[in-house]
Amino acid sequence: MAEENDSFVKQMNKIFDENKDNKNEELFFTFKGVLYPNRLCSAETFEALETFEARKDDMLLIAYPKCGTNWVFQILIEMVAAISSNKELPLLRHLLVLEFGSPEKFLKMKEQLSPRYYATHLHYDNIPKSFLEKKVKMLVVFRNPKDAATSYYHFYNKNPLLPTPSSWDDFFQKFMNGEVAWKSYFDHALAWDKHMDEENVMIITYEELKEVSLLEIKLIFVLHIHFSVAYSYGGNLLQHSPYEQLIHEQIGICGKGQERY
């Protein structure tokens, strides 16, 4: 796990170093009307993603940028790895984000053992059809738009793969108009909100993540869906559960409140 994370960090640092002198206009490309960082994504990857075949026991974590992707994914993947017989988990982070990397990665993804866990920032309309047709379990994370915009602004400022805003006012206007990477926060949230009652979709918020007990309950529910290993004990889902200690350990490892992506 540590070696894989170190490898991911080294690869990202290499990309950052290679792009630190790039001009703002060189950092984006557009696919189906949405801006994406051209060193993380490519049109070829999106085209290959459209025909990628999901499996019914896959799970997809969805969040707009800076809304808790890394935090939730790390908690989830480490909990799954701790109780799963699939020793390939967790894989390199850049292989697990659907839209990141080159098209060749999908060959490796096809060979992954089940269950497979992926993350994405994509709008509902851009999720590959097979994920929707097979009713893949989806965990959708929302965040207060004010906090999301503020965090995204700072991320833009310190990330050489994204254009540096001339000012907060300039960035805020672009954020409100959907002229940022992955387009409009509001379109993203409204699209997913329409599907919140579907049986394979679970909605949680970044703010709820700060309430550890609620997070524990919902993650146990996710694990119950996939592995049938979480049990309800009367009125308290966690009390006397054989996974109570594991859950507390994993939340401690991930660092409560640390949004690093």
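Look up a bit, the structure's there.
Residues numbered from 1 in each chain as written. Predicted model: local features only at pLDDT ≥ 70, side-chain atom pairs only at ≥ 80, totals over all residues. Heavy atoms only, no water.

Spatially, four strands are ordered β4-β3-β5-β6 in an open sheet, and the strand pairing comes out parallel. At either end of the open sheet lies a strand with only one pairing partner, and these are β4 (117–120) and β6 (201–205). Put simply, the sheet's adjacent strands are angled 20° from each other on average, direction ignored. One ladder, built from five bridges, connects strand β5 (residues 137–142) with β6; its direction is parallel. In the sheet register, L139 faces β6, and the bridge partner there is M202. (Pairing = 2+ DSSP bridges. Helix = DSSP H or I, 4+ residues; strand = E, 2+ residues; numbered from the N terminus. Axes fitted to C-alpha atoms, helices over the stretch in contact; angles between N-to-C directions.)

Locating N200 in the fold gives a position in the loop between α9 (185–193) and β6. N200 sits in the buried class, given a relative accessible area of 8%. Ignoring anything within four residues of it in the chain, the contact list for N200 reads K135, V136, K137 and M138. (Buried < 20%, exposed > 50% of the residue type's maximum accessible area, 1.4 Å probe, protein only. Contact = heavy atoms within 4.5 Å.)

This paragraph deals with a nonpolar patch on the surface. Residues W168, F172 and M176 make up a contiguous nonpolar surface patch of roughly 270 Å² in combined accessible area. Of the residues examined, M176 reaches a relative accessible area of 39% and is grouped as partly exposed. (Patch = residues over 30% accessible without salt bridge, like charges linked within 9 Å, V, L, I, M, F, W, Y side chains within 5 Å. Areas by Shrake-Rupley, 256 points an atom, 1.4 Å probe, with all protein chains shown as cover. Salt bridge = Lys/Arg side-chain N within 4 Å of Asp/Glu carboxyl O.)

Viewed as axis vectors pointing N to C, helix α7 (residues 145–158) and helix α8 (residues 168–177) meet at an angle of 120°, and their least axial separation amounts to 10 Å. It follows from the interaxial angle that α7 and α8 lie oblique. Handedness of the α7/α8 crossing: right-handed. Within the contact between the two elements, α7 uses P145, A149, T150, Y152, Y153 and Y156 and α8 uses W168, F171 and F175. Of the residues assigned to the contact of α7 with α8, the class counts are eight nonpolar, one polar and no charged. (Parallel < 35°, antiparallel > 145°, perpendicular 65-115°, else oblique. Left-handed = near helix turned anticlockwise from the far one by under 90°. Nonpolar A, V, L, I, M, F, W, Y, C, P; charged D, E, K, R; others polar.)

It is worth spelling out the packing of aromatic side chains at this point. Applying the stated criterion across every chain, the model contains 25 aromatic pairs. Here the aromatic rings of Y152 and Y156 are separated by 5.2 Å at their centres, their planes lie at 85°, and the arrangement is edge-to-face. In this pair, Y152 and Y156 both sit in helix α7, four residues apart, roughly one turn of the helix. A residue is classified by how much of its surface remains accessible, and Y152, at 1% relative accessible area, is buried. (Phe/Tyr/Trp six-rings, centres within 6.5 Å; stacked < 30°, edge-to-face > 60°.)

Next up on the list: the pairing of strand β3 (residues 59–63). Counting buried residues in β3 gives five out of five residues, a clear majority hidden from the surface. Burial of β3 is two-sided: the residues M59, L61 and A63 facing one way and the residues L60 and I62 facing the other way are all buried. Sheet topology note: the β3/β4 ladder contains four bridges and is parallel. When the sheet's bridge partners are listed, L60 is paired in β4 with Y118.

Should the charged atoms of two oppositely charged side chains come close, the side chains can pair. Under the definition given, this model contains four salt bridges. A salt bridge links R116 to D58, with the shortest nitrogen-to-oxygen separation between them at 2.8 Å. Note that R116 is positioned in the loop between α5 (105–111) and β4 and D58 in the loop between α2 (43–49) and β3, a separation of 58 residues in sequence. Take R116: its relative accessible area is 1%, and that puts it in the buried class.

That's the geometry; what it means functionally is another story.
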